[in-house]
Amino acid sequence: MIIFVALVAAVAGFLFGFDEGVISGAQIFLKQDFVYNATMEGIMTSSVPLGALFGAVLAGRLTAQFGRRKMLLAAAMLFGIGAILAALIPGIWFLVAARLILGLAIGVAAIVAPLYLSETAPTHRRGVMISAYQLLVTVGILGAYIVNLGLSRWGAWRWMFAAGAIPALVLLFGAWRLPESPRWLAAQGRVEELKGVLTQLRKDAPASDLAEEADQILASARQEHGKQHSWRGLLDAAVRPCVIVAMGLFFLQQLSGINAVIYYAPQIFGGTGFSGTAGQLIATAGIGIVNMLMTVVSMWLIDKAGRRKLLILGFAGTAVGLTMLAYSASLASAAGGGGSFEATLGFVGVVVYIASFAIALGPIPYVMMSEIYPLSVRGPGMAVASIANWGFNYVVVLLFPIALADVGLATTFGFFAATCAAGLIFTLLRVPETKGLSLEAIEAHLHQGRPLRQLGLQAGEET
């Protein structure tokens, strides 16, 4: 059952990735049917993160009120509606509206799926299960790139968008069969249902282990009962460090430039020397494969090496890769077009960047935000982190084509490289280690008034 839970919730990640990645190839052909400038391109492309920002705002309270399962069902319906509308649009502004709906679905799913996985997974599998969500994001991006490449010979951009309705149906039917989160049931006082769900989720576990886990969940729910289940609870002194870490990681994730790369990969490769639409789309699909494979590596490492060590490795690698890309773009610009050396250097830089991002910066912010908040503010806390995520995502995607036209590829990616270097410092100073700790143990650490930074660290590592 736990494998089914992971697969269904992770389909939301596939839709997230597909609806982000599909625009990279579709917009090449959109420009043949509709006339729009760089500003309009930014508005159209950034409508997904803008919709996701509103989805994150709504999801925090609605998830606490209606439960995790119902919100996954709502996200599935929005994904399907948005995909069909995007395929039928008569003009570019209609596409903006359709992508706002898709963004709304992504914003809800990006909170609910990791939250649901964190609250249903066994402690020793929590990291890998939440990472499965991020893996399916990368599979979705790759799937969009492959669909784009396959349909590019006909310029069939409407079918590129329509393809997203198929996984939306899978999510809808799968979520219908999911049990509710045991921790949400505990917060609602539905004790017998909680025990029944735990029995479903832990079929091979001894009865004594099930009883102990149920008691821990109920004890944590009782401790949190009556506390402020709202945005105001995030101002509590014990919770503020969690807010800083969760928001900070998403701020750095987005300012690393990932969605500029995902949305505009063909143009980026064009700026480093790749010529022709087919070559750019093939290079883009190659990046999608690297993204997916390195996320698999991250899933294997995250509960072994730990979250913090991977973040240190990830920020260092992304800074190096972006520096290579910026230098390649600078050489290509100076040469008035670039040759094989610039194209190769740029491609290697993007590979290093994507590999480093996928192993750490992609999955770990989602894992961390679903782990570090106390139960009473877990919904609002994850919503705030997601609002930061989508707000910065929106700004980057909106301004990237404008920055590209004004200051060029080299300067833009030089800024992203500097952000990754700052992320390395932030991780060393602020980020705790949650590997191997139950959600209840993390919560107890916070209630004891101990610094979040010391969570999971050995005495010799504390600063």
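Refer to the structure presented above.
Keep in mind that what you see is a predicted model, and the values were worked out from it rather than measured.

## Considerations on the layout of surface pockets
Empty space within the largest pocket amounts to approximately 430 Å³. Along the walls of the largest pocket sit 21 residues, with Pro 122, His 124, Leu 201, Arg 202 and Ala 205 positioned nearest its centre. The set of elements that each furnish at least two residues to the lining of the largest pocket consists of α1 (2-33), α9 (191-201) and α10 (207-224). The dominant element in the lining of the largest pocket, judged by the number of residues it contributes, is α10, at four residues. Looking at the lining of the largest pocket residue by residue, the class counts come to seven nonpolar, five polar and nine charged.

## Structural notes on the pattern of salt bridges
In total, this model carries six salt bridges according to the counting rule given. Between Glu 440 and Arg 183 there is a salt bridge, and its shortest N-O distance comes to 3.1 Å. Residue Glu 440 is found in helix α19 (residues 439-447), and its partner Arg 183 is found in helix α8 (residues 182-187); the two are separated by 257 residues along the sequence. Each member of the pair, Glu 440 as well as Arg 183, carries the same accessibility label: buried. Glu 371 is the partner of Arg 307 in a salt bridge, and the nearest nitrogen-oxygen pair spans 2.5 Å. Of this pair, Arg 307 sits in helix α14 (residues 307-335) while Glu 371 is found in helix α16 (residues 364-371), placing the two residues 64 residues apart along the sequence. Summarising the burial analysis for this pair, Arg 307 and Glu 371 share the class buried. When salt bridges that share partners are traced, they join Asp 303, Arg 307 and Glu 371 into one network.

## What about empty space enclosed by the protein?
Taken as a whole, this structure holds two cavities of 30 Å³ or more when the rule is applied. Of the voids in this model, the largest cavity is the one considered here, and its volume is about 170 Å³. Taken together, 18 residues make up the lining of the largest cavity; nearest its centre are Glu 20, Gln 134, Val 137, Ile 258 and Phe 357. Where the lining of the largest cavity is concerned, the elements lending two or more residues are α1, α5 (126-151), α11 (240-255), α12 (258-271) and α17 (378-406).

## A word on the packing of α5 against α16
One can describe the packing of α5 onto α16 by two numbers: an axis separation of 9 Å at closest approach and a directional angle of 130 degrees. Classified by the angle between their axes, α5 and α16 sit oblique to one another. Seen along the crossing, α5 lies across α16 with a hand that is right-handed. Counted together, Arg 126, Gly 127, Ile 130, Ser 131, Tyr 133 and Gln 134 of α5 and Tyr 366, Val 367, Ser 370 and Glu 371 of α16 form the full contact between these two elements. Taken together, the residues that form the contact of α5 with α16 break down as four nonpolar, four polar and two charged.

Rules used throughout
Residues numbered from 1 in each chain as written. Predicted model: local features only at pLDDT ≥ 70, side-chain atom pairs only at ≥ 80, totals over all residues. Heavy atoms only, no water. 1 Å grid on protein atoms, 1.4 Å probe; cavity = no way out; pocket = protein on both sides within 12 Å on 5 of 7 lines; lining within 4 Å. Points joined across faces, edges and corners; volume = space filled by probe spheres on them. Helix = DSSP H or I, 4+ residues; strand = E, 2+ residues; numbered from the N terminus. Nonpolar A, V, L, I, M, F, W, Y, C, P; charged D, E, K, R; others polar. Salt bridge = Lys/Arg side-chain N within 4 Å of Asp/Glu carboxyl O. Buried < 20%, exposed > 50% of the residue type's maximum accessible area, 1.4 Å probe, protein only. Axes fitted to C-alpha atoms, helices over the stretch in contact; angles between N-to-C directions. Parallel < 35°, antiparallel > 145°, perpendicular 65-115°, else oblique. Left-handed = near helix turned anticlockwise from the far one by under 90°. Contact = heavy atoms within 4.5 Å.

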